[in-house]
Amino acid sequence: MGVSALGGPGRQRDKFVALPEEEDDSLPLVEEPAEPVLPIPSPEDGELGALAGSLSVSGGHRLFEDLPRDIAMDSAWRGRITFYCVAESFDRKKLEELLKLTYPPGTVRSFPDVFYVEYIKGADGRPGGDVFFFDYGVVATWGMTKAQEMTIVRGIATQCMETPLPEQWTEVDEFQFCFGHEKQQHVQNDTVTLHRRYAQDYKMKLAISYALAQSTKLSVYEKRVTDIVLETKNLPEALAEHGEVAISGLDIAKLIGKVFLQKSAVNLLGSVLGTPEFFWHAPDSFQALYTRVTEYLELDSRVELLNSRFAVLQEMLDMLRDHQNNYHSVRLEWIVIWLIVVEVVVGLFELLGLFGVVGKQP
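Being a predicted model, the structure only gives us computed values, none of them experimental.

**Q** Sorry if this is basic, but what is going on with the overall build of the chain here?
**A** On a plain count of helices and strands, the chain comes out with eleven helices and twelve strands. Counting over 362 residues, the chain shows a buried share of 41%. Here the contacts in the chain between residues at least 6 apart in sequence split such that 74% fall between residues at least 24 apart. For the chain, the exposed surface amounts to about 19,800 Å²; the carbon and sulfur share of it is 58%.

Written as structure tokens, this is what we have:
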């Protein structure tokens, strides 16, 4: 099971992408509870001062110094966002039945290509725990511990999988959320920062999760292409060095089919890369939010890079197939030539026999 930052090692994680503000006032927003701002103790305050000193790092900086002081001292407004891609798809009917049997009524909601579960109800305006099951085999969790996430994946997702992914292709992507008082919502350093009034807005979390889930699914295809590249990287070298490759035409045909299946999965499956149906009926600001997150994840450039790798692989495999075809054609030509030579020799002996040159009895 691979654990990676979203988008892979080549993505620029520290870039700042501003997120649009909600313009639809008709949506219910969570009221912000009044709470005092906790002071940061000084080193002279005894044990509290020692605790504050322990949060210091080199250069005099403190952990979470880029967050507002009340958020840095209150972890209830921060948490994990984790995505697990464990299967090609989920059995939607079986998943719906299992969710309704497992969780209380009213906590499970259905969308065209995803199920939402309110796993932990938030209190006092603070975020709870939310789970999203995407039809294409991705589970998304917000505000949950690692143990709770494993309970969801192993207890629910594994029972509804269609074509489970091998362990080496299973993808786990980790993110963070932070609800604060910033006027400008944004995503940076794999942290989504939103206003506190959206702490319990599951639809906004869903809009963000769509983009992150697509990125996780895309990472699986990137792994598969990487495996194919590693599997075939020695073939061009062998062809250049020895003039032939130790691979049969059947194996080349299998590789061509494998590349085509992955390419078609990336480019033809609308649920993976297309704009989800959810946004057809959602406020425009949700789609704008989804678009901004896809920009941060560099989905378009990653798909373009993936397609360029597909093109290189396809060109290499076509070259190997042509080489194999030419090899067999040359071999057949030589067989025909030797058959002609044998026929000429036999005919020559027959002719000499007619003139008594060969085969004459003493």
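**Q** I'm lost on the packing of aromatic side chains in this one. Help?
**A** How two aromatic rings sit relative to each other is given by the distance of their centres and the angle of their planes. Within this structure, the stated rule accounts for 16 aromatic pairs. Here Tyr210 and Phe279 contribute two aromatic rings whose centre-to-centre distance is 5.5 Å and whose plane-to-plane angle is 55 degrees, an arrangement assigned as tilted. Of the two residues, Tyr210 sits in helix H5 (residues 202-232) while Phe279 sits in helix H9 (residues 278-281), which places them 69 residues apart along the sequence. For the pair Tyr210 and Phe279, one class covers both residues: buried.

**Q** Even after reading the chapter, I still don't get the environment of Thr82, so can you show me in this structure?
**A** For Thr82, the position within the fold is in strand E3 (residues 78-85). The exposure class assigned to Thr82 is buried, which follows from its relative accessible area of 0%. Setting aside chain neighbours within four positions, we find Thr82 in contact with Val139, Ala140, Thr141, Glu149, Val172, Asp173 and Glu174. Within the structure, the side chain of Thr82 is placed 3.3 Å from the side chain of Arg80, a separation counted as a polar contact.

**Q** For this particular structure, what's the right way to read helix H10 (residues 284-297)?
**A** What sets the pattern is the α-helix's 3.6 residues per turn: residues three or four places apart point alike. An ideal rise of 1.5 Å per residue puts 20 Å on 14 residues; H10 measures up with 20 Å between its terminal C-alpha atoms. Taken together, the buried positions of H10 are Ser285, Phe286, Leu289, Tyr290, Val293, Thr294, Tyr296 and Leu297. The positive-phi residue at the C-terminal boundary of H10 is Glu298, with phi of around 55 degrees.

**Q** Before we go on, may I ask you to explain a nonpolar patch on the surface in this structure?
**A** Taken together, the side chains of Val330, Trp334, Ile337, Trp338, Val341, Val345 and Phe349 present a nonpolar region at the surface, about 690 Å² in accessible area. By the secondary structure assignment, Val341 is in helix H11 (residues 299-354). Val341 gets classed as partly exposed once you look at its relative accessible area, which sits at 36%.

**Q** I'm lost on the pattern of salt bridges in this one. Help?
**A** Where charged atoms from two side chains of opposite charge approach closely, those side chains can pair. Applying the stated criterion across every chain yields a total of ten salt bridges. A salt bridge links Arg80 to Glu149; the shortest N-O distance between them is 2.7 Å. Residue Arg80 is located in strand E3, and its partner Glu149 is located in helix H4 (residues 146-155); the two are separated by 69 residues in the primary sequence. Owing to a relative accessible area of 0%, Glu149 belongs among the buried residues under this scheme. A cluster of three or more residues bridged by salt bridges with shared partners is formed by Glu88, Lys217 and Arg224.

**Q** What is the right way to look at the nonpolar core in this model?
**A** As a rule of thumb, nonpolar side chains are buried together in soluble globular proteins. The biggest cluster of nonpolar side chains holds 65 residues, and the ones touching the most others in it are Phe134, Ile208 and Tyr210. When residues in this core are grouped by element, the largest group, 14 residues, is from H5. Here Ile208 is in contact with Trp142, Val192, Leu194, Leu289 and Val293, once residues within four sequence places are set aside. Grouped together as the second largest cluster of nonpolar side chains are 21 residues, Phe115, Met144, Met150 and Ile156 included.

Analysis parameters
- Just so you know, the residues in each chain are numbered from 1, in the order the chain's sequence is written.
- pLDDT decides what is reported in this predicted model: residues at 70 or higher carry local features, side-chain atom pairs at 80 or more are listed and counted, and totals for whole chains, interfaces and linings draw on all residues regardless.
- The basis for every side-chain value is the complete set of heavy atoms in the structure, and neither hydrogens nor water enter the calculation.
- Helix numbers and strand numbers start at the N terminus; a helix is a DSSP run of H or I with at least 4 residues, a strand a run of E with at least 2.
- Each residue gets one of three labels from its accessible area relative to the maximum for its type: buried under 20%, exposed over 50%, partly exposed in between, using a 1.4 Å probe on protein chains only.
- Contact criterion: two residues are considered in contact whenever any of their non-hydrogen atoms come within 4.5 Å of each other.
- The Shrake-Rupley method, run with a 1.4 Å probe sphere, supplies the accessible areas, and residue values consider only the shown protein chains as cover.
- What counts as a ring pair is set by centres within 6.5 Å for rings of Phe, Tyr and Trp (its six-membered ring), and what kind of pair is set by the plane angle: stacked under 30 degrees, edge-to-face over 60, tilted for all other angles.
- Pairs of N or O atoms are called polar contacts if they sit within 3.5 Å, as long as, within protein, a hydrogen donor faces a hydrogen acceptor (for residues adjacent in sequence, only side-chain-to-side-chain pairs).
- One less than the number of residues in a helix, times 1.5 Å, gives the span that helix is expected to have.
- Each patch is built from residues lacking any salt bridge and having more than 30% relative accessible area; the joining distance is 9 Å for like charges and 5 Å for nonpolar side chains (Val, Leu, Ile, Met, Phe, Trp, Tyr).
- Note on definitions: salt bridges are taken to be side-chain nitrogens of Lys or Arg within 4 Å of carboxyl oxygens of Asp or Glu.
- Only buried residues count toward a nonpolar core. Its members are Ala, Val, Leu, Ile, Met, Phe, Trp, Tyr and Cys residues joined through side-chain atoms within 4.5 Å.

The quantities given are spatial measurements derived from coordinates; they are silent on function.
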